[in-house]
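Remarks on the overall topology
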Amino acid sequence: MILALETSCDETACAVVTEDGHVRANVVSSQAALHARYGGVVPEVASRRHLELATPVVREALGRANASLDDVSTVAVTRGPGLIGALLVGVQTAKAIAWSRRLPLVPVDHLHGHVASLFLRPEPFEPPLLCLLASGGHTLLLDVHDHAGWDVLGSTLDDAAGEAFDKGARLLGLGYPGGAAIEGLARQGDPEAFSFPVARVAGLDFSFSGVKTALLYAVRDLGEEVESRRADLAASYQRAIVRALVERTREAAEQTGAAKIAVVGGVAANSELRASLPDATAAPLALCTDNAAMIASAARFTRAVPYPSYLALDAYASR
Ligand code: KG4
Ligand code: ZN
């Protein structure tokens with residue numbers, strides 16, 4: 001079995017996955033409540049919390065999988081991109097576990113993890129496919145040609161889609177993290193109440209900084225009326241972001257002639273996005289936001305570093 005760790009941002013996660021892709025345990029300890037009071041993730045606070053939670057989540061995952069370290073053949077860990085201090089806690093923990101058992105270590109790229117959330121059983125969605133990866137840190141259209149490789153067709157020029165949700169939520173006083181909060185409030189609102197156009201940029205790229213500014217101005221113009229229009233604002237804002245994601249994905253599908261479309265990453269949990277791409281396969285909900293099962297999945301298609309050469313392995317903040 002593969003024991004995987006993920007600590008790139010504010011989720012401390014450990015999963016136990018069989019070599020053929022069955023998830024035995026997928027434990028995610030979210031630090032969201034800890035960071036909420038600051039309105040976003042505080043890197044140093046995240047690192048310290050990962051340090052406290054790493055051992056408990058590993059224990060919990062092994063327990064839930066009804067397994068022990070004797071059953072583990074490979075250790076996998078997110079090496080980057082992400083918060084460097086947070087990543088280092090996961091990398092050091094993974095090294096320690098692997099080293100103590102003379103096991104190989106698989107360093108995994110976080111984005112590969114999100115894509116590989118599609119490859120887990122019981123219903124793996126196999127490449128080649130067109131993949132929209134929309135998270136808090138990235139918005140990418142990927143031509144995924146096999147389990148380990150892709151060409152980037154488009155990416156965001158400024159904010160990521162999840163970041164746009166988070167910043168919008170902040171403007172609406174919804175707190176952090178914002179995606180799910182906006183989605184909840186949007187259910188009671190009229191998505192056509194406000195027009196928040198998303199800038200169209202050349203090629204297959206995205207831009208979300210303009211829509212955020214449009215929301216800022218709308219909130220300012222409404223003044224005291226904001227309170228009573230909050231749901232309409234959330235619904236219209238969500239509609240604009242989803243529309244931009246869907247339009248670009250459709251264009252990419254047309255250009256590449258892709259037969260299969262997939263949606264992954266935290267924003268793929270959004271029900272309006274999922275409903276707006278009915279022919280696409282979205283990652284299972286539990287595997288959209290950051291988790292370690294997707295890291296184990298990617299590890300199945302990544303070269304392992306043998307004992308003990310990985311002791312020199314470093315994390316990376318960006319690609
Ligand atoms: O993939 P993820 O957990 O972490 C990164 O790798 O960034 O994505 C987190 C992002 C956050 O910006 C969060 O607001 C967004 O995903 N998100 C959502 C929803 N759930 C999480 N955005 C829209 N609707 C949701 N239901
Ligand atoms: Zn992520």
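Scroll up for the structure.
Scope of this entry: the structure provided in the associated data block. Fair warning: this is a prediction, and the values are worked out from it, not measured in the lab. (Residues numbered from 1 in each chain as written. Chains lettered and ligands numbered in written order. Predicted model: local features only at pLDDT ≥ 70, side-chain atom pairs only at ≥ 80, totals over all residues. Heavy atoms only, no water.)

1. Some words on the overall build of the protein chain
Counting its secondary structure elements, the protein chain contains 10 helices and 10 strands. Relative to the globule expectation of 20 Å for 319 residues, the C-alpha radius of gyration of the protein chain, 20 Å, shows essentially globular dimensions. Taking the principal axes of the C-alpha coordinates as reference, the protein chain spans close to 60 × 45 × 30 Å. Counting the 319 residues in the protein chain, one finds 52% classified as buried. (Helix = DSSP H or I, 4+ residues; strand = E, 2+ residues; numbered from the N terminus. Rg over C-alpha atoms; globule rule 2.2 N^0.38 Å. Buried < 20%, exposed > 50% of the residue type's maximum accessible area, 1.4 Å probe, protein only.)

2. Some points on the pairing of strand β1 (residues 2-6)
Counting buried positions over the five residues of β1 gives five, a clear majority of the element. Going residue by residue along β1, you find I2, A4 and E6 tucked away on one face and L3 and L5 tucked away on the opposite face as well. Examined bridge by bridge, β1 and strand β2 (residues 11-17) share five bridges and lie antiparallel to one another. Residue L3 lies in a different strand from β2, and its bridge partner there is V16. Across four bridges, β1 lies against strand β4 (residues 74-80) in parallel orientation. Looking at β4, one finds that A4 is bridged to A76. (Pairing = 2+ DSSP bridges.)

3. Examining the sheet that holds strand β6 (residues 129-134)
To summarise the sheet geometry, strands pair through backbone hydrogen bonds and adopt either a parallel or an antiparallel arrangement. The sheet built from five strands is open, its strands ordered β8-β7-β6-β9-β10 with mixed pairing. The sheet terminates laterally at β8 (150-155) and β10 (281-282), the two strands that pair on one side only. Bridge count for strand β9 (residues 261-264) against β10 is two bridges, and the pairing is parallel. From the neighbouring strand, V263 faces β10, where its bridge partner is A282. Lying over the sheet, helix α8 (residues 226-256) contacts β6, β7 (139-144), β8 and β9, oriented at roughly 160° with respect to β6. (Contact = heavy atoms within 4.5 Å. Axes fitted to C-alpha atoms, helices over the stretch in contact; angles between N-to-C directions.)

4. Quick look at the sheet that holds strand β5 (residues 105-109)
Here we have five strands laid out as an open sheet, ordered β3-β2-β1-β4-β5, and mixed in their pairing. Looking at strand neighbours, the two that pair on one side only are β3 (23-30) and β5, the edges of this open sheet. The average angle at which neighbouring strand axes cross in this sheet is 20°, direction not considered. The sheet contact formed by β4 and β5 spans five bridges and is parallel. Among the inter-strand pairings, T78 is bridged to a residue of β5, identified as V108.

5. What to know about the coordination of the zinc ion (ligand 2)
Ideal values for angles at a metal depend on the geometry: 109.5 degrees with four tetrahedral donors, 90 or 180 degrees with six octahedral donors. With distances of 2.0 to 2.1 Å, the protein atoms coordinating the zinc ion (ligand 2) are H110 (NE2), H114 (NE2) and D290 (OD). Coordination geometry of the zinc ion (ligand 2): the four donor atoms subtend angles of 96 to 132° at the metal centre, consistent with an arrangement described as tetrahedral. (Donors = N, O, S within 2.8 Å, 3.2 Å for Na, K, Ca; no water. Tetrahedral: all angles 85-135°; square planar, octahedral: opposite > 155°, others 65-115°.)

6. Section: the packing of helix α2 (residues 43-64) against helix α3 (residues 84-101)
Where α2 contacts α3, the two axes come as close as 9 Å, and the packing angle between them is 30°. With respect to α3, the axis of α2 lies roughly parallel. Like other packed secondary-structure pairs, α2 and α3 cross with a definite hand, here right-handed. Facing S47, H50, L51, A54 and V58 of α2, the residues of α3 in contact are G85, A86, V89, T93 and I97. Taken together, the residues of the contact of α2 with α3 sort by class into six nonpolar, four polar and no charged. (Parallel < 35°, antiparallel > 145°, perpendicular 65-115°, else oblique. Left-handed = near helix turned anticlockwise from the far one by under 90°. Nonpolar A, V, L, I, M, F, W, Y, C, P; charged D, E, K, R; others polar.)

7. Considerations on unusual backbone geometry
Here the residue pair G80 and P81 is connected by a cis peptide bond, since its omega of -10° sits within 30 degrees of zero. For P81, the position within the fold is in the loop between β4 and α3. Here the bond from P127 into P128 is cis, since omega is 5°, no more than 30 degrees from zero. Among the secondary structure elements, P128 is positioned in the loop between α4 (110-116) and β6. Residue N66 is not a glycine yet carries a positive backbone phi of 55°. One can find N66 in the loop between α2 and β4. With relative accessibility at 75%, the residue N66 sits in the exposed group. Despite not being glycine, R102 has its phi angle at roughly 55°, a positive value. With respect to the secondary-structure elements, R102 resides in the loop between α3 and β5. The class for R102 is partly exposed, based on a relative accessible area of 49%.

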